[in-house]
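# Summary of structural features
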Amino acid sequence: MVNAEKFVEKAIAEIKTSVGSEKVVMALSGGVDSSVCAALAARAIGDRLIPIYIDTGLMRKGETERIKTLFGNIQLQVIDAGDEFLGALKGLTDPEAKRMAIGERFIRVFEREAKKVGARCLLQGTIYPDRIESEGGIKSHHNVGGMPLQIEFTKVIEPLRDLYKDEVRAVAGALGLPKEIQHRMPFPGPGLAVRVLGEVTREKVAVIREANWIAEDELVEKYQPWQCFAALIGLGTGVKGDNRIHGWIVAIRAVNSRDGMTADPLNIPFEDLVRIGSRITAEIPSVARVVYDITAKPPATIEYE
Ligand code: XMP
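Below you will find a few notes about this structure. Because the structure is predicted, anything quoted here is derived from the model rather than measured.

### Some remarks on the overall build of the protein chain
A count of helices and strands for the protein chain gives 10 helices and nine strands. Here the protein chain has a C-alpha radius of gyration of 20 Å; the compact-globule value for 305 residues is 19 Å, and the two agree. With the C-alpha coordinates aligned to their principal axes, the bounding extent of the protein chain is approximately 70 × 40 × 35 Å. The buried share of the protein chain, reckoned over its 305 residues, is 50%. Partitioning the contacts of the protein chain with sequence separation of at least 6, the portion at a separation of at least 24 is 76%. For the protein chain, the exposed surface amounts to about 14,500 Å²; the carbon and sulfur share of it is 52%. Each charge class in the protein chain can be summarised by its mean position, and for the 40 positive and 42 negative side chains these summaries are 2 Å apart.

### Some words on the layout of surface pockets
There is about 810 Å³ of room inside the second largest pocket. Along its surface, the second largest pocket is lined by 21 residues, and H183, R184, M185, E216 and V220 are the ones closest to its centre. Of all the elements in the fold, those that place two or more residues in the lining of the second largest pocket are α3 (63-70), α8 (179-182) and α9 (202-223). With six residues, α9 is the largest single contributor of residues to the lining of the second largest pocket. Of the residues belonging to the lining of the second largest pocket, the class tally is six nonpolar, four polar and 11 charged. Of the domains in this structure, domain 1 (4-182) and domain 2 (201-292) are the two that each give at least three residues to the lining of the second largest pocket.

### What to know about the environment of S21
Mapped onto the fold, S21 is located in the loop between α1 (4-19) and β1 (24-27). Exposure remark for S21: the relative accessible area of 69% places this residue in the exposed category. Along the backbone, S21 and R48 are 27 residues apart, and their C-alpha atoms lie at a distance of 8.2 Å.

### Points about the site of the ligand
As a structural note, the neighbourhood of the ligand is formed by 13 residues, with R99, Q227, K297, I302 and E303 the closest of them. Contact between the ligand and Q227: an oxygen atom at 2.7 Å from a side-chain N or O atom of the residue. Here E303 contributes a side-chain N or O atom positioned 2.5 Å from an oxygen atom of the ligand. Protein contacts shield 76% of the accessible area of the ligand, which totals 490 Å² for the unbound molecule.

Criteria and cut-off values
Residues numbered from 1 in each chain as written. Predicted model: local features only at pLDDT ≥ 70, side-chain atom pairs only at ≥ 80, totals over all residues. Heavy atoms only, no water. Helix = DSSP H or I, 4+ residues; strand = E, 2+ residues; numbered from the N terminus. Rg over C-alpha atoms; globule rule 2.2 N^0.38 Å. Buried < 20%, exposed > 50% of the residue type's maximum accessible area, 1.4 Å probe, protein only. Contact = heavy atoms within 4.5 Å. Areas by Shrake-Rupley, 256 points an atom, 1.4 Å probe, with all protein chains shown as cover. Lys, Arg positive; Asp, Glu negative; His and termini not counted. Charge placed at Lys NZ, Arg CZ, Asp CG, Glu CD. 1 Å grid on protein atoms, 1.4 Å probe; cavity = no way out; pocket = protein on both sides within 12 Å on 5 of 7 lines; lining within 4 Å. Points joined across faces, edges and corners; volume = space filled by probe spheres on them. Nonpolar A, V, L, I, M, F, W, Y, C, P; charged D, E, K, R; others polar. Domains from an automatic or database assignment. Near = heavy atom within 4 Å. Polar contact = N/O pair within 3.5 Å; in protein donor to acceptor, adjacent residues only side chain to side chain.

Right, dumping it as structure tokens:
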């Protein structure tokens, strides 16, 4: 286990040396890796760090506001690209095609914005396990697609390249980042798109964003799962008021895991499950039923696509 305080000192010195007087650009998602990277670089080079947060329109409720507040003291570029991402997803139902469309869009938006700021260095939150997973080449945003950036950077800086996730969390602590960032659940790069089966539409994203918010509200603090969320898995009949409706089916997923490679469903008391179901159907009129996913990984994956 790395000594977090020493690491912070060393990383800041290293960033200073490798950046010199250049400007540095990075994609900040608000997850622990990119947040730690941003905090280190902000200490090292101040406002010559230009973090870019791309709002894909597929983020969780409150995420963009949260980022703005958390990183309000640094020169954060918030790019509202929701229409662009939803446009790229239109008509796509195949999970891989959806992922590729999002990955590609992400890279192109980032390229466009990075060019505007004229930075020649790229900072990335790549951690040791990411390097093992994909050797060679510049991973411009390993979270989303691994597509290359078509920009010539003179330097790519990866301060977390030798750290494991738990070490990154320790460094977040040493940097005094909020606990909320330090212990943040993983959230997939393609966002809520992998939590909507089939075609992604604005309406479905709005429904699942709200359901996901309720699931997290009910489960995160109480059970501290490795990951929990809601997914939109289809349509079914229901009755609301005096009417039979054709409404959304929402699945709740809550798992414990060590590294995401395998996972076990959380043993949640039945009363809590029923309360979550009641809240979701009451608060979101177009949801007809709620189910709890009891499948381990394997055979299921954690996400739905
Ligand atoms: P699966 O669904 O494969 O997920 O069991 C394992 C872990 O990885 C996350 N995940 C992703 N993270 N980009 C990411 O950054 C992705 O495309 C992606 N797909 C899955 C998932 O949330 C879980 O923590």
